[in-house]
Amino acid sequence: MAGEVSYTEPIGKQMLQVYYRHEYQRQSNNAVTYNLDEDALWGSLPSGYEAGRVDSLSDYTRNDLHSNEFGLRTTLNWRKVRLNIRFGLSPQKSTTKSNRGKVKIDTTYYRVEHSARNCILIMIWAINHNMSVYYSGYTRQPSIYDLLSVPDYTNPLNITMGNPGLKPAFGQSISVNYRGGNMEKQEMLYCGLRYNNTINDISRKRTYDEKSGVYTSRPENINGNWGIGGEYILYE
């Protein structure tokens, strides 16, 4: 559930917009484990099965997230150049309640994200020739589930746990594109180059214990996640 209000003020030939956006999200997970009799039929639950609940292997978690984004959007126009800029900050409040076996968690934390850092530069020096440069940057905080250090034994052979030492991930991308051609000769050229990378990206590390046959996974920060690509298209 989300809503946004904005105010736009023209300044000469330019435009400045101030906006506020609120978003509410709820996530819940209810995994209950029961110990059934050997005579129970496959695919059905016998009467009175609730008495066989195994609390140590059951998990209930609920997370309520309130996000408030404050930002600016502006468009600057010159004779042959147009520049679009967007910047936003997003204070967030996250509340998590969890019952994992005998462990009860009720925690609330606050954080601020750089929700939007976008810049688009378009240069037009002829009717059929233009170049655009696009930059985007963002900060992504780890989820509350990734930060909880309490192990989850819902699946005894695949234990998951959080990492309270996780750092925020910062991602950015940049692309440069050129379009040009000669309409009389029906020739058109397009070429583009793009690059992206993520610092402190969040991934999951999975380890295997040969003695017990148990897998354990937890989130970790990693670097070296980047990509580069390009296109070249000629019509004639």
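Above this text you will find the structure in question.
Source: prediction; values computed, not measured.

## A look at the overall build of the chain
Alright, step 1. A tally of regular secondary structure across the chain gives 1 helix and 12 strands.
Alright, step 2. Along the chain, helices and strands appear, N-terminal first, in the series β-β-β-β-β-β-α-β-β-β-β-β-β.
Alright, step 3. Taken over the C-alpha trace, the chain has a radius of gyration of 26 Å; the compact-globule value for 236 residues is 18 Å, which it surpasses by more than 25%.
Alright, step 4. Across the 236 residues in the chain, those meeting the buried criterion constitute 26%.
Alright, step 5. Relative to all contacts within the chain whose residues are 6 or more apart in sequence, the contacts with residues 24 or more apart total 60%.
Alright, step 6. Summed over all atoms, the accessible surface of the chain reaches about 15,700 Å², with 55% contributed by carbon and sulfur.
Alright, step 7. Here the chain contributes 27 positive and 23 negative side-chain charges, whose respective centroids are spaced 9 Å apart.

## Quick word on the packing of aromatic side chains
Alright, step 1. What the rule picks out here adds up to 3 aromatic pairs.
Alright, step 2. Arranged with centres 5.0 Å apart and planes meeting at 40°, the rings of Tyr20 and Phe70 form a pair that is tilted. Of this pair, Tyr20 sits in strand 2 (residues 14-31) while Phe70 is found in strand 3 (residues 59-77), placing the two residues 50 residues apart along the sequence.
Alright, step 3. Look at Tyr20 and you get partly exposed, because its relative accessible area is 29%.
Alright, step 4. Taking relative accessible area as the criterion, Phe70 reaches 47% and is therefore assigned partly exposed.
Alright, step 5. For the ring pair Tyr195 and Trp226, a centre distance of 6.4 Å and an interplane angle of 35° mean the geometry is tilted. With Tyr195 in strand 9 (residues 187-199) and Trp226 in strand 12 (residues 225-235), this pair connects stretches of sequence that are 31 residues apart.
Alright, step 6. Directly above the aromatic system of Tyr19 lies the positively charged group of Arg73, at a separation of 3.9 Å from the ring centroid.
Alright, step 7. The ring of Tyr215 is capped by Arg206, whose NZ or CZ atom sits 3.9 Å from the centre of that ring.

## Overview of the pairing of strand 4 (residues 81-100)
Alright, step 1. In terms of strand pairing, strand 3 meets strand 4 through 17 bridges, oriented antiparallel. Counterpart to Tyr60 in the pairing with strand 4 is Asn99.

## Regarding unusual backbone geometry
Alright, step 1. For Asn200, which is not glycine, the phi dihedral falls at a positive 60°.
Alright, step 2. Checked against the element boundaries, Asn200 lands in the loop between strand 9 and strand 10 (201-209).

## Overview of a nonpolar patch on the surface
Alright, step 1. Together, Ile174, Val176, Leu193, Tyr195, Trp226 and Ile228 make up an exposed nonpolar region whose accessible area comes to about 590 Å².
Alright, step 2. Only strand 8 (169-182), strand 9 and strand 12 provide two or more residues apiece to the nonpolar patch.
Alright, step 3. Assessed through its relative accessible area of 35%, Tyr195 is described here as partly exposed.

## Some words on the pattern of salt bridges
Alright, step 1. According to the stated counting rule, one finds 9 salt bridges in the structure shown.
Alright, step 2. The residue Arg62 makes a salt bridge to Asp64 at a minimum N-O spacing of 3.2 Å.
Alright, step 3. A relative accessible area of 23% places Arg62 in the partly exposed class.
Alright, step 4. Overall, Asp64 belongs to the buried group, its relative accessible area being 10%.
Alright, step 5. Between Glu69 and Arg86 there is a salt bridge whose closest N-O contact spans 3.1 Å. Here Glu69 is found in strand 3, whereas its partner Arg86 is found in strand 4, with 17 residues between them in sequence.

## Points about the sheet that holds strand 10
Alright, step 1. If you trace the 3 strands from one edge of the open sheet to the other, you get 7-11-10, paired in mixed fashion. The strands lining the two open edges of the sheet, one partner per strand, are strand 7 (158-160) and strand 10. Each strand of the sheet is rotated relative to its neighbour by a mean of 30°, with strand direction disregarded.
Alright, step 2. Here 9 bridges tie strand 10 to strand 11 (residues 214-222), and the two strands are oriented antiparallel to one another. Note on strand 11: the bridge partner recorded for Asp201 is Ile222.

## Structural notes on the environment of Leu72
Alright, step 1. The residue Leu72 is located in strand 3 in this model.
Alright, step 2. In this structure, the C-alpha to C-alpha distance between Leu72 and Phe87, residues 15 residues apart in sequence, is 5.4 Å.
Alright, step 3. Not counting the four nearest positions on each side in its chain, Leu72 is found in contact with Leu16, Gln17, Val18, Tyr19, Ile85, Arg86 and Phe87.

Cut-offs and rules
Counting from 1, residues in each chain are numbered in the order their sequence is written. Local features in a predicted model are, by the rule used here, given only for residues with pLDDT of at least 70; side-chain atom pairs are given and counted only at 80 or more, and totals for whole chains, interfaces and linings are based on all residues. Derived side-chain values reflect all non-hydrogen atoms in the structure, with water molecules and hydrogen atoms excluded from consideration. Only DSSP runs of H or I with at least four residues qualify as helices, and only runs of E with at least two residues qualify as strands; both kinds are numbered from the N terminus onward. This radius of gyration counts C-alpha atoms alone. The globule rule is 2.2 Å times how many residues there are, raised to the power 0.38. To sort residues, take the accessible area from a 1.4 Å probe on protein chains only and compare it with the maximum for the residue type: under 20% means buried, over 50% means exposed, and anything in between is partly exposed. Whether two residues are in contact is decided by their heavy atoms, any of which lying within 4.5 Å being enough. Here, Shrake-Rupley sampling with a 1.4 Å probe gives the accessible areas, and only protein chains in the shown set may cover a residue. His residues and chain termini do not enter the charge count, which takes Lys and Arg as positive and Asp and Glu as negative. A single reference atom marks each charge: NZ on Lys, CZ on Arg, CG on Asp, CD on Glu. For this analysis, a ring pair means two rings from Phe, Tyr or Trp (six-membered ring only for Trp) whose centres lie within 6.5 Å, classed as stacked if their planes differ by under 30 degrees, edge-to-face if by over 60, and tilted for the remaining angles. For a Lys NZ or an Arg CZ to count as sitting over a ring, it must be within 6 Å of the ring centre and within 35 degrees of the ring normal. Only when DSSP finds a minimum of two bridges between them are two strands counted as paired. Residues enter patches when their relative accessible area tops 30% and they take part in no salt bridge; the joining distance is 9 Å for like charges and 5 Å for the nonpolar side chains Val, Leu, Ile, Met, Phe, Trp and Tyr. For salt bridges, the criterion is a side-chain nitrogen of Lys or Arg within 4 Å of an Asp or Glu carboxyl oxygen. Axis lines are fitted to C-alpha atoms, over the contacting stretch for helices. Their N-to-C directions set the angle, which ranges from 0 to 180 degrees.

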